[in-house]
Amino acid sequence: MSTVTGGPGPRHAAAAVDLGADAGAVLARVGNTPLVPLEALSRGLGSTVFAKLESENPGGSIKDRTALSMVRAAERSGELQPGGTIVESTSGNTGIGLALIGALTGHPVVVVTGDSISSEKLEALQRYGAKVVFTDWSAPSDSPANARAVAARITREIPGAWRPLQFDNPANPKAHYEGTAPEIWEQTAGRITHFVAGVGTGGTITGNGRYFKEKSAGHVEVIGADPYGSVYSGGHPGQILVDGVGNSWPKPDWPKVFDPGLLDRFLRIPNDEVYTTAHRLLNEEGVSLGPSSGLTVAAALRVARAAPHGSVVVAIAPDTGRNYLSKAFNPEWLADNHIRLATDLAED
Ligand code: PMP
């Protein structure tokens, strides 16, 4: 994939596509996702781990909720006018969510992304009619090639364009405080004891964590699952091999929407365990989920192993494994990234 430093000018803005779908019916399918017990993986633990299958959202990820919440809030405040263009820098799922919601609500979408985006996510963006601009994802914040800087420039160039800024936008955690968390509370009849999520923008863990702490008078334990290479859990910054989660920037640069005070603790999970768990979810439970679901479920299994019998541990499963056929589910990609599944290790 080549790096494009020039963005679209006003005359090159993306056009909203007509998906030919009943927009209302598709929009109504965002959220209300299933909560399923992972019976095979929980066997013998004395507690059950449940997965909240965010892969069931129409765009395939939890970010459909965030995208819809941010777009609706901006429409209400008048920041986003009918037909106005949405411009966001994102490594994937938020872009897909915005592209879907934009297509359904009549807003053209421009997504600024980096070379490491999976080919499946790129295809999804293009299928929903988003214009994709590539930039150097590692460019520092003071460089004109920085993704946020490129998105800011494109926004200036397109009249009426609006940036959701998911890292700063309160409508991001609100989607979870008002949607994901009450659903889980109802689905477990208030019996949830532990909540596990990864942290990218922190919207998921902040919105859910706040709701569960309030509802249970602090009794639900809120646990962040973090990959190696992320500093959230106190590790050294390094390469992060789990899409959508972790952060290598120091604390002053953490997302505004993330409230670390809501977390009881972090668990850092090695990549081999993350990817092994994603494969076990497919092979033993029959659910196709991405690596950040492998991360949260691996952490939830560790939690369930140590928790009092009868605990109800809920892990967020943020997206579908179909986005990662060329990465997490491709033996060559795993080998190139020095990831060893438990089955490989057992064969040694
Ligand atoms: N997993 C995946 C695959 C994601 O795309 C994201 C969003 N970046 C997350 C987890 C984390 O969600 P949040 O941004 O709400 O912390």
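As the structure is a computational prediction, the values presented were derived from the model and not from experiment.

J.: Can you walk me through the overall build of the protein chain in this structure?
T.: Within the protein chain, the regular secondary structure consists of 12 helices and 9 strands. Its C-alpha atoms give the protein chain a radius of gyration of 19 Å, within 12% of the compact-globule value 20 Å for 348 residues. With respect to the three principal axes, the spread of C-alpha positions in the protein chain is 60 × 45 × 40 Å. When the 348 residues of the protein chain are sorted by exposure, 52% land in the buried category. Of the contacts made within the protein chain by residues no fewer than 6 positions apart, 71% connect residues no fewer than 24 positions apart.

J.: Even after reading the chapter, I still don't get unusual backbone geometry, so can you show me in this structure?
T.: Working note: non-glycine residues mostly have negative phi, and peptide bonds are mostly trans. At Ala189, a residue that is not glycine, the phi angle is positive and equals roughly 50°. With respect to the helices, strands and loops of the structure, Ala189 is situated in the loop between helix 7 (171-187) and strand 6 (194-198). Its 8 C-beta neighbours within 10 Å are what place Ala189 among the exposed residues. Unlike most non-glycine residues, His338 shows phi in positive territory, near 55°.

J.: Got a minute to help me understand the pairing of strand 4 (residues 109-113) in this structure?
T.: When a strand is regular, its side chains alternate between the sheet's two faces. Within strand 4, 5 of the 5 residues are buried, leaving the element largely enclosed by the surrounding structure. Residue alternation in strand 4 divides its side chains into two sets, Val109, Val111 and Thr113 and Val110 and Val112, and both sets are buried. Pairing of strand 3 (residues 86-89) with strand 4, which is carried by 4 bridges, proceeds in the parallel orientation. Across the sheet, the residue bridging to Ser89 is Val112, located in strand 4. Chirality of the crossover, the property in question, places the unit of strand 3, helix 4 (residues 93-105) and strand 4 among those that are right-handed. The pairing of strand 4 with strand 5 (residues 131-134) spans 4 bridges and is classified as parallel. Opposite Val112, over in strand 5, you have Val133 as the bridge partner. Running through helix 5 (residues 119-127), the crossover from strand 4 to the neighbouring parallel element strand 5 is right-handed.

J.: Help me understand the confidence of the model for the protein chain in this model?
T.: The predicted coordinates ought not to be read in detail in places where the model reports low pLDDT. On average, residues of the protein chain score 92 in pLDDT, and 93% of them are at 70 or above. Between the elements of the protein chain, mean pLDDT differs from a low of 68, seen in helix 12 (residues 342-347), to a high of 99, seen in strand 6. Long-range and interchain partners of residues 1-13, a stretch whose pLDDT sits below 50, account for 29 contacts in this model, where long-range means more than four residues apart. Scored as a whole, the predicted complex attains pTM 0.93, and scored at its interfaces, ipTM 0.99.

J.: What exactly am I supposed to notice about the sheet that holds strand 3 here?
T.: Sheet strands associate in pairs through backbone hydrogen bonding, adopting either a parallel or an antiparallel arrangement. The strand order across the open sheet formed by 3 strands is 3-4-5, and the pairing between neighbours is parallel. Of all strands in the sheet, those with a lone pairing partner are strand 3 and strand 5, marking the two edges. Shown here is a sheet whose adjacent strand axes are inclined to one another by a mean of 20°, direction ignored. Running at roughly 170° to strand 3, helix 6 (residues 147-157) makes contact with strand 3, strand 4 and strand 5 of the sheet.

J.: Help me understand the nonpolar core, please; the structure alone is not making it clear to me.
T.: Among soluble globular proteins, nonpolar side chains are generally buried collectively. Core analysis: the largest hydrophobic core is formed by 56 residues, its most contacted members being Val49, Val196, Val297, Ala300, Val313 and Ala315. Sorting the residues of this core by element identifies strand 2 (48-53), helix 7, strand 6, helix 8 (203-215), strand 7 (221-227), helix 9 (271-285), helix 10 (291-306) and strand 9 (312-317) as the ones contributing at least two each. Looking at which element gives the most residues to this core, the answer is helix 10, with 8 residues. Once residues within four sequence positions are removed from consideration, Val313 is found in contact with Ser47, Val49, Phe50, Thr193, His194, Val196, Ala300, Val303, Ala304 and Ala307. The next biggest cluster of nonpolar side chains, apart from the first, holds 36 residues, and it includes Val87, Ile117, Ala147 and Ile158.

J.: Help me out: how do you make sense of the environment of Ser248 in this one?
T.: By the element assignment, Ser248 lies in the loop between strand 7 and strand 8 (265-269). With 163 residues separating them along the chain, Ser248 and Thr85 place their C-alpha atoms 30 Å apart. Setting aside residues up to four positions removed in sequence, Ser248 forms contacts with Gly229, Ser230, Val231, Pro237 and Ile240.

J.: Before we go on, may I ask you to explain helix 4 in this structure?
T.: Helical periodicity: at 3.6 residues per turn, an α-helix aligns residues three or four positions apart in one direction. Taking 1.5 Å per residue as the helical rise, helix 4 with its 13 residues ought to reach 18 Å, and the 18 Å between its terminal C-alpha atoms agrees with that figure. Counting buried residues along helix 4, 12 of its 13 residues qualify, which places the element largely inside the surrounding structure. Those residues of helix 4 that fall on the buried side of the exposure criterion are Asn93, Thr94, Gly95, Ile96, Gly97, Leu98, Ala99, Leu100, Ile101, Gly102, Ala103 and Leu104. Tucked inside the fold, the buried residues of helix 4 contact helix 1 (23-27), helix 3 (63-77), strand 3, strand 4 and helix 5. Once helix 4 finishes, Gly106 follows within two positions and takes phi at roughly 85°, a positive value.

J.: Please explain the packing of helix 3 against helix 4 as it appears in this structure.
T.: Between two packed helices, both the angle of their axes relative to each other and the distance between the axes serve to describe the pair. Axis separation between helix 3 and helix 4 bottoms out at 8 Å; the angle between their running directions is 50°. By the criterion of interaxial angle, the relationship of helix 3 to helix 4 is oblique. Like other packed secondary-structure pairs, helix 3 and helix 4 cross with a definite hand, here right-handed. Across the interface between the two elements, Lys63, Asp64, Thr66, Ala67, Leu68 and Val71 of helix 3 pack against Asn93, Thr94, Ile96, Gly97, Leu98, Leu100, Ile101 and Thr105 of helix 4.

J.: Can you help me understand the environment of Leu98 in this one?
T.: Tracing the sequence through the fold places Leu98 in helix 4. Distance in space between the C-alpha atoms of Leu98 and Thr66 is 8.6 Å, their sequence separation being 32 residues. Not counting residues up to four positions away in its chain, the partners in contact with Leu98 are Ala67, Ile86, Glu88, Val109 and Pro164.

Each value, and the rule that gives it
- By convention here, each chain's residues receive numbers from 1 onward along its written sequence.
- Restriction of local features to residues with pLDDT of at least 70 applies here, the model being predicted, together with a cutoff of 80 or more for giving and counting side-chain atom pairs; totals for whole chains, interfaces and linings are based on all residues.
- Put simply, DSSP marks the helices as runs of H or I at least four residues long and the strands as runs of E at least two long, and each gets a number from the N terminus on.
- The globule rule is 2.2 Å times the number of residues to the power 0.38, and the radius of gyration it is compared with is taken over C-alpha atoms.
- Exposed residues have 12 or fewer other C-beta atoms within 10 Å of their own C-beta, buried residues have 20 or more, and residues in between are partly exposed; the C-beta atoms are placed from the backbone.
- Contact definition: two residues whose C-beta atoms, as placed from backbone geometry, lie within 7 Å.
- Any two strands with at least two DSSP-identified bridges between them are counted as paired.
- A crossover gets the label right-handed when its path from the first strand over the helix to the second runs clockwise, viewed with the strands pointing away from the viewer.
- One confidence number per residue, pLDDT, is output by the predictor and ranges from 0 to 100.
- Axis geometry follows a simple rule: fit a line to the C-alpha atoms, using only the stretch in contact for helices, then measure angles between N-to-C directions, giving values from 0 to 180 degrees.
- We define the nonpolar core as any set of buried residues of the types Ala, Val, Leu, Ile, Met, Phe, Trp, Tyr and Cys, connected via C-beta atoms lying within 7 Å of each other.
- By definition here, a helix of n residues has an expected span of 1.5 Å times n minus one.
- Angle categories are assigned with fixed cut-offs, so that under 35 degrees is roughly parallel, over 145 is roughly antiparallel, 65 to 115 is roughly perpendicular, and the rest are oblique.
- In this scheme the crossing of two helices becomes right-handed for a clockwise turn of the near helix relative to the far one and left-handed for an anticlockwise turn of less than a right angle.

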